[in-house]
Structures are given as C-alpha cells and as structure tokens.
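Listed below, chain by chain, are the residues.
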Amino acid sequence: MWRLRRVAVACEVCQSLVKHSSGMKGSLSLQKLHLVSRSIYHSHHPTLKLQRPQFRTSFQQFSSLTNLPLRKLKLSPIKYGYQPRRNFWPARLAARLLKLRYLILGSAVGGGYTAKKTFDQWKDMIPDLSDYKWIVPDIVWEIDEYINLEKIRKALPNSEDLAKLAPDFDKIVESLSLLKDFFTTGHKLVSEVIGASDLLLLLGSPGETAFRATDPGSESDKPYRKVSDKEKIDQLQEELLHTQLKYQRILERLEKENKELRKLVLQKDDKGIHHRKLKKSLIDMYSEVLDVLSDYDASYNTQDHLPRVVVVGDQSAGKTSVLEMIAQARIFPRGSGEMMTRSPVKVTLSEGPHHVALFKDSSREFDLTKEEDLAALRHEIELRMRKNVKEGCTVSPETISLNVKGPGLQRMVLVDLPGVINTVTSGMAPDTKETIFSISKAYMQNPNAIILCIQDGSVDAERSIVTDLVSQMDPHGRRTIFVLTKVDLAEKNVTSPSRIQQIIEGKLFPMKALGYFAVVTGKGNSSESIEAIREYEEEFFQNSKLLKTSMLKAHQVTTRNLSLAVSDCFWKMVRESVEQQADSFKATRFNLETEWKNNYPRLRELDRNELFEKAKNEILDEVISLSQVTPKHWEEILQQSLWERVSTHVIENIYLPAAQTMNSGTFNTTVDIKLKQWTDKQLPNKAVEVAWETLQEEFSRFMTEPKGKEHDDIFDKLKEAVKEESVKRHKWNDFAEDSLRVIQHNALEDRSISDKQQWDAAIYFMEEALQARLKDTENAIENMVGPDWKKRWLYWKNRTQEQFVHNETKNELEKMLKCNEEHPAYLASDEITTVRKNLESRGVEVDPSLIKDTWHQVYRRHFLKTALTHCNLCRRGFYYYQRHFVDSELECNDVVLFWRIQRMLAITANTLRQQLTNTEVRRLEKNVKEVLEDFAEDSEKKVKLLTGKRVQLAEDLKKVREIQEKLDAFIEALHQEK
C-alpha cells in the first residue's frame, strides 16, 4: 500500500508542476508531460493506454530549472507479447526521484532563481545615472594624460594621506545593509520553499512552489514602495552634489601635488642638472596671435574673426569678481560703485607650475600668492588704464594685455570690458556712455567671439541694460553664455524664487543663450580670499533651496563649472575657425606681395621699425660729419654770419654818429664809448646766438641736402623732426659768454695795424660795408619816390600821389645839399619851413614829418657817397697812420675803426669755432641720440613721421606674414595636441 501511496503522490506532484510552471496557462496534455510522468501507468485516467516500448532505451533527465545532468537510469527490457510480473517499477523510480536530497537541491535552485529575479527588479528601480556623467569633469577621465599617476603614487607613501582618497564608507555600509535585508528576505524565501517541500513529502499535499516569491504583490517589496519619488530625487540630487564636490577636491589635491612635482623639476633645471627647452603652451601661442592681430587691426573688423571670450555686463554687476574667480586671484583694481575698468583688459589664462601674472610688454612676474605682489599688480593695472585714457575722456579703447598662469586654470582668452552704464554722472566725459557701447559692440560683433553676459541677480531684471545690447549682437544666442551673479543675495531678497528660475532659464529676458549659470561672488568683502569665496559658494549651493527644489541643475552652478563650460566652448570655436582664418591671411599675403612687386620691384620690404633704424644710422652719420668740417670753413661762416648780425648796429649806432662829429678827437671818444657799451651788453650774446644758428644751419644742410640716387625722401619728415627736437633740447654753455666778452673787449681796444696788408684789408672791409649800406639806402629812396623816368617809359609804371610828393621833396632837399655839402645830419626848423614853402609854391602840400623822413634817406646817401670817396683817398694813408696823422690833412680814423671791428670778428669766429668743434658738436650728437631713442620707443611718432603708401604696404605685409606664421605654428600644435 505504501508503494501505491507514493505513486499517487508522484502523480500529484507532476500535476502541480504542470499547473504552476512559469509562463504556462491552463493544463498540458499528457503527451507534453515529463518523460517520468508519461512512464507511469495511470489506472484512473480514461484515455490512458499502456504503451510498450518497441526497443530497449536509455534516457537522461534534466531539471526544469537547471541544466545539471542527473544520473543515468536503465530500464529493464520488455519483450513484446509477454505479460511481466506486477513489480511496480514506475513507483520505485518515482520514489528514488522524489528523495529528500533531490527536493532540497531543487528548492535551493528555485530559491536562487527567485533571489536573482528579485535583485533584478530592485536594480531596475534605480534610475539610470549615465545622464549625470557630466558631474565628473572630462579632465578626470583624461587624468593620465596630464598627470603622471605613478609618480604621484610613489610620492604618497603615507597611509593617512591615502586614506583620505578612500570612498565614503557610510554610503557603502548603507548599501550593504540594503543588500543584507534583501538577502535575508531571500533566505526566508528559501526556507519557505524547503519547508513546503518537506510538507509535500511528509503530508502528501500539493504545496506551493518557490515561484510565488517573485509575485509583484508579495510583502517583500512593500518597504521599497514606501519611499516617495520626491525623496528619491532629493537624495540623488544631494548625492550628486556631494560627488561633484568630492571630485573637485580630489582634482584640486592632484593639481597641488602636480604643482609640487613641477616645482622640483624646475629647481633641477635651475641647478643645471637637467636642461631642456620648454615649448610655449598652446594658449600662449594663441594669445600672441591675438596680440599681433590687435596691432594690425585695432578696429576688429572682418580681418579678425578669431574667438575670444568677451565679458560684458552692467556696472557693478560682478564682472570683475567672476573673472577673478576664474583666474583664482584678485588681480583687478576695485572700487565701491566707482568705474574701475576704464579700458579693455585681455587676460590669457594658462596652466603653469606657479601662480603668476605678467604683462605683455614687461618681464616682471607678479607672484599671485603674495599679497604685496597682488597689490602692486592692481596698482600697475590702474596706472596703465589711466595712462591709456586721453585727456577729456573717461574710457579708452586701448587694450591692456595680461597673462595669468597657475595650476588648475582653464586655458582661454578673456577680455574684460568697461561696465555698461545708463547715466553719465559728474566727473565723466559727456560721451562716456556712447564710447562704452561702441567698444562693447566692436568686440561682440566678431562672429566667433563668445559673449559672457554678466547679470546681477540681486537687482531687478528690468534694470538691466546689457541684455538688450547682447540680444542685438547675438539675436539667436549661438555664442552667448548667461551668468547670474550674487545668487545668495537674490535668494534672500527675491520674494518669488520662481523668478530666479525664469532668469536662469532665459524666460525673463528677450535674449537667448547657449547656457545659463548661477554663481556666488563672495559676501561683498573686498579683502576676502578666493579660497574663502569658493568655500562659501560650495556651501551655499549645497544648502540652497534652488537646487533642492530643482530650480537649478547641479551643472549650472559654481564658478568652477562655469569656467569648464566656457573653456570647452572657447576651444570648440577655436578649432572650428582658426584654419579658415589662416586661409584668409594666406590670400591677403599673396595680394600684398603682388602689389609690392608691381610698385616697388627694386626695394626691400622694410617696415616702420626697419626704416627708422636705417634713418637713425643716416642721421648719426650726418652728425658725425659735422666734426669733419675744416676750421677755415667754420671761421669763415661764423665771421660772415656775425658781421651780418652786427653790421647794422656798427654802421647806424657807432660809425655814423661818430663820423658826423667832424672832429678826430670826438670821433675816437665816441667810438670807444659806444664799443665798450656794445661789448658789455650785446656783443657776446649775439656772438653765441650766431654760433648756435650756424651749427644748426650746418647740421640741417648735412641732413637735408640731396644724396643723389641714394637719397630717400621718405626720411625727410623724420630728419626735420629730429633736428627741431635736438635744437630745442640743446643749450649753449653759459660760461662761453663771459670768456668771450673778455676776448672781444681786448680785441676792440687794439688799434695797431702792423702792415700795409692789414690796412688794405680794413679799407676793403670798410668799402664793402659802406657800399652795402649805400645800396640799401638807394633801394629805400627808390621805393619812397617810385620808378624813375626810364622805368616809367620802358615798363609802363607810374608813381602814386604819395610817391610824387616824396619825389618833389627829395628834389628840393638835394638842391639844399648841393649848396652846402658840409651840411650836418639834422635840418633846422627854418630849413624845414623853407622847403615846405618852396613845395607849396609849386602846388605840393607836404607835412614836416615827411620832410624829415625824406631828409634822413637823402642825407644818408650823400654821407655814404662822401665816406666812400674818403675811403678811396685813405688807400695811401698808411704812411700818415704810422706817424699818427701828424702834420697831415688826411685823417683815416674810420679805417682804424673798421680794422678794430674786423679783427674782433676774426678773433670771435676763431673762439666760437674752437668751442663748436670741442664741445657743442659732441653735445649736439648726444642730444640727437637721445631724441632718436625717444622716437624709437614712441610708436605714434614713427607712424606720424614715416608715412606713405610704401611704408603702409610694407607694414601690412610684415604683419600679415607674422600672423600667418603664428597661425600655422598654432594650428600645428593644435593638431599635435589632438
């Protein structure tokens, strides 16, 4: 009976397996049952017929849950037509199969499958975190390309430091507790399955299989469903922020270690242990291209389309603070509400071992880790800004170029522009607002410029001016990045937090942008360090409701994320546009070279600097040639120039008054007195002025006289400017006048004429002087009385009424002189009356002053003619001079006067020549060198003085070649970096 009961139990187990098998609905036919079930004789089944196998067979059984092979069983052969003994071998087979060990094994396998399925369902409940890969910066995945991890591992033997890099064990413990609960539940399920199997075996009931444990409605899933979706999102958001901060700390730690390693390498280089040539960084090469472009094309028109990050914003919106956070140093001058950015500042950020800053045109490095260097850098920037601003202006378009290097800095080029203002306040130029707008538009109209639009989050959005300007320049927002500053103040002051969300999503402004960011720029204290501001920013966003309520996304906050996004956008635009710019400059270079060959085929392509150097050498050669002038030439020029300067004074103030005395003693006395006065007051100064003018004339003659075919008129303006500036700076030695006064006084007191040759020279000098004065007097009389009868008949000229009156007066006065050739130099009153009455009798009305003026010229001509006649008589008077004119009616004291004057001129010329050649020429050469050095440093002077189509063409050609070479080198380095 127990055998029959076991067969019945096996039958019910088969039916239960068929009924509850996974993925099956309804009942299965007997033909589809397991081979074991089909092998059993069911006496109670109406359709079942015993089928005898026609041959001897052996089979291998497999479990429905596993692929584990069971032991092979062999059935006894049955012969056809023979009725075997009823030994119930199917029942014995089922009993063996349903032993307790097989049931336990099957239950364990079923429980494992159930646990696996439950684990899969739990894993599906976790959201896909692949979308949050942006939290980890790209540099972390590429960290092995930038940092030698092996060196870092060797440099960190301390276990305490390595423990800091360990994962968050709290999170791991929490996860393990969840897994523990899960496996505990799975263990219970296995126990239940095993218990059901025992009951099935012992009680003979069908029981429930382990597959029920995977029912979605089971109580094991209830604890997971109690957690709401909102709580899960908040938890994930907080974990993302913690993960981001953790990676940032790890990255900063690695950068710090890398900085220390690079310092060690540089120290080895300084000691001479390991010398190598450091290549310029990629961003430095790109910055040099921009600098050359700014000099070539200051207006930033179509010639320059290379990308740069243009930082624009309203005044006091936090532009400078954002830049300082990106540069990781307080490098800009600051003021409370006052306009501090007065000219564009181009900041080139690059990675380096030391945190330093330096200007483009200076070799001084400012250590940004020292407060005194930071203060000096801010002061220098402020001085440069004020220097760029012209008188009467508030802002300037001239750019200040600054390089900032340091560990962890993102490589890019930023241009900080003056803040946009709405109202011009007192102390500003009237056109300040328009000037700022024009400067901002000039930078933003570059189609590849990235516009970093800074908006103050603590003020009303409707007060913003810059957003309208940015929307005009970039209406589609394809190159604009919007940055909302002072978010901490905005969160405190704004009554509606959704307004911040509208701002950051670009729904409140008409402008569009590539991305929107929110940053915190400190607590408003200018003395805060960058590290303190960064910690405050991280702490704020970690606890901010804006992130917890999902108004802001984690990748939209912190200056760190902003700098990464701007750097990525910057380099993307650089790679897309730099080759196109290089091709355009190649075409420009070809056009310029072709134009030069056609217009100046035999000239070298010299730019302004090269032309200036060439002109400088020519000018210095010409100054040196002054020292090669012969002494005779100097003395002749000086003597002639000095006489031309003093001849009028000698004739009018010394000779004529003394000669009209008609007495030898009075003549000599008058001459001595007047010569002494002249020497003490005027003569030395006049001599120095003549010498200095003579030096200038000779210098100018050497500089301006044509050099034949070698003369280049392009230098004329420069040489003239150098001459004028040198003359302006040159001052004659003050002690020269005192020594010269003594020499001249001694020369004029000497009345001794040693030989006849000197006497004849004095007479010749006197005749030349008197003839020159006579010629001047006759010209004056001719201008007074008009043309004579010959000119009137031949050249058809007529006299004016005034000239007619002068002519009649002249004729009347000449009649008076013919009557009295010894007449004194002045007319008496009765003589003036007589002349006037005689003229009135002929119908000519004259004024007494007119008679005196006419008399002065008529008598002067008469006196000079008489003096020339007397000079001719004195040619044979040297014998009487040696006898001091004793017992002689011929007195030639006037010849002696001119001898004294002539000798004084010769001695003065010799003295001045010595001073010129020994002192003044060298001083002038020194002044010329100083002027040339000053002009060499003044680019505006060179542009003003070296002008013309040829100069501009050579200048453009050189700049285009330089730009193309730098662009090619940059593109090559860019490809190598890829």
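Caption draft 1: Spotlight on the overall build of the protein chain. What the protein chain contains, in helices and strands, is 36 helices and 11 strands. Buried residues in the protein chain amount to 43% of all 978 residues. Carbon together with sulfur atoms contributes 51% to the accessible area of the protein chain, which is approximately 56300 Å² in total.

Caption draft 2: Highlighting helix H30 (residues 801-819). Relative to the 27 Å expected for 19 residues at 1.5 Å per residue, H30 spans 28 Å between its end C-alpha atoms, a close match to the ideal helical length. Residues of H30 that are buried include every one of Gln 803, Val 805, His 806, Asn 807, Glu 808, Thr 809, Lys 810, Glu 812, Leu 813, Met 816 and Leu 817, and no others. Next to the buried residues of H30 lie helix H28 (756-785), helix H31 (829-841) and helix H32 (848-873).

Caption draft 3: Structural view of the sheet that holds strand E10 (residues 480-485). Spatial ordering of the open sheet is given by E6-E5-E7-E4-E8-E3-E9-E10-E11, a layout of 9 strands whose pairing is mixed. Edge strands, defined here as strands with exactly one partner in the open sheet, are strand E6 (366-367) and strand E11 (515-518). Two strands pair when backbone bridges link them, and strand E4 (residues 345-351) and strand E8 (residues 412-416) are joined in this way by 5 bridges, in the antiparallel orientation. In the sheet register, Lys 346 faces E8, and the bridge partner there is Val 415. Its contacts with the sheet put helix H14 (residues 371-388) on E4, strand E5 (356-359), E6 and strand E7 (400-406), and the angle it makes with E7 is roughly 160°. Against the sheet, helix H16 (residues 466-473) engages strand E3 (309-313), strand E9 (450-456) and E10, with an angle of about 160° to E9.

Caption draft 4: Looking closely at the state of the cysteines. Inspection of the entire model under this criterion finds 1 disulfide. At a sulfur-sulfur separation of 2.0 Å, the disulfide partner of Cys 874 is Cys 892. Between Cys 874 and Cys 892 the sulfur-sulfur dihedral comes to about -100°; the bridge is accordingly left-handed. In this pair, Cys 874 is assigned in the loop between H32 and helix H33 (878-882) and Cys 892 in the loop between H33 and helix H34 (893-937), connecting sequence segments 18 residues apart.

Caption draft 5: Spotlight on the nonpolar core. The biggest cluster of nonpolar side chains holds 101 residues, and the ones touching the most others in it are Tyr 655, Trp 678, Trp 759, Ile 901 and Val 928. Counting residues per element, this core draws most heavily on H34, at 17 residues. The residues touching Trp 678, leaving out its near neighbours within four places in the chain, are Val 646, His 649, Val 650, Ile 654, Leu 683, Pro 684, Ile 901 and Met 904. In this structure, Val 289, Leu 290, Val 311 and Ile 331 belong to the second largest nonpolar core, which totals 67 residues.

Caption draft 6: Geometry of the packing of helix H24 (residues 664-681) against H34. Between H24 and H34, the shortest axis-to-axis distance is 10 Å and the interhelical angle comes to 20°. Compared by their axis directions, H24 and H34 come out roughly parallel. Note that H24 runs across H34; the crossing there is right-handed. Between H24 and H34, the residues in contact are Ser 664, Phe 667, Asn 668, Val 671, Asp 672, Leu 675 and Trp 678 and Asn 893, Asp 894, Leu 897, Arg 900, Ile 901 and Met 904, respectively.

Caption draft 7: Geometry of the packing of H28 against H32. Look at H28 against H32: their axes get within 9 Å of each other, and the N-to-C directions meet at 155°. Compared by their axis directions, H28 and H32 come out roughly antiparallel. You can see that H28 and H32 cross each other, and the crossing is left-handed. In this structure, H28 uses Ile 763, Met 766, Glu 767, Leu 770, Gln 771, Arg 773, Leu 774, Thr 777, Glu 778, Ala 780, Ile 781 and Met 784 to contact H32, whose residues at the interface are Asp 853, Thr 854, Gln 857, Val 858, Arg 860, Arg 861, Leu 864, Lys 865, Ala 867, Leu 868, Cys 871 and Asn 872. Broken down by class, the residue content of the contact of H28 with H32 amounts to 12 nonpolar, 5 polar and 7 charged.

Caption draft 8: View of the pattern of salt bridges. For the structure on display, the rule yields 39 salt bridges. Among the ionic pairs, Arg 384 bridges to Glu 380, the shortest N-O distance being 3.1 Å. With Arg 384 and Glu 380 both in helix H14 and 4 residues apart, the pair spans about one turn of that helix. Salt bridges sharing common partners tie together Arg 589, Glu 593, Glu 605 and Arg 961.

Parameters and conventions
- Residues numbered from 1 in each chain as written.
- Predicted model: local features only at pLDDT ≥ 70, side-chain atom pairs only at ≥ 80, totals over all residues.
- Heavy atoms only, no water.
- Helix = DSSP H or I, 4+ residues; strand = E, 2+ residues; numbered from the N terminus.
- Buried < 20%, exposed > 50% of the residue type's maximum accessible area, 1.4 Å probe, protein only.
- Areas by Shrake-Rupley, 256 points an atom, 1.4 Å probe, with all protein chains shown as cover.
- Expected span 1.5 Å × (residues − 1).
- Contact = heavy atoms within 4.5 Å.
- Pairing = 2+ DSSP bridges.
- Axes fitted to C-alpha atoms, helices over the stretch in contact; angles between N-to-C directions.
- Disulfide = S-S within 2.5 Å.
- Core = buried A, V, L, I, M, F, W, Y, C linked by side-chain atoms within 4.5 Å.
- Parallel < 35°, antiparallel > 145°, perpendicular 65-115°, else oblique.
- Left-handed = near helix turned anticlockwise from the far one by under 90°.
- Nonpolar A, V, L, I, M, F, W, Y, C, P; charged D, E, K, R; others polar.
- Salt bridge = Lys/Arg side-chain N within 4 Å of Asp/Glu carboxyl O.

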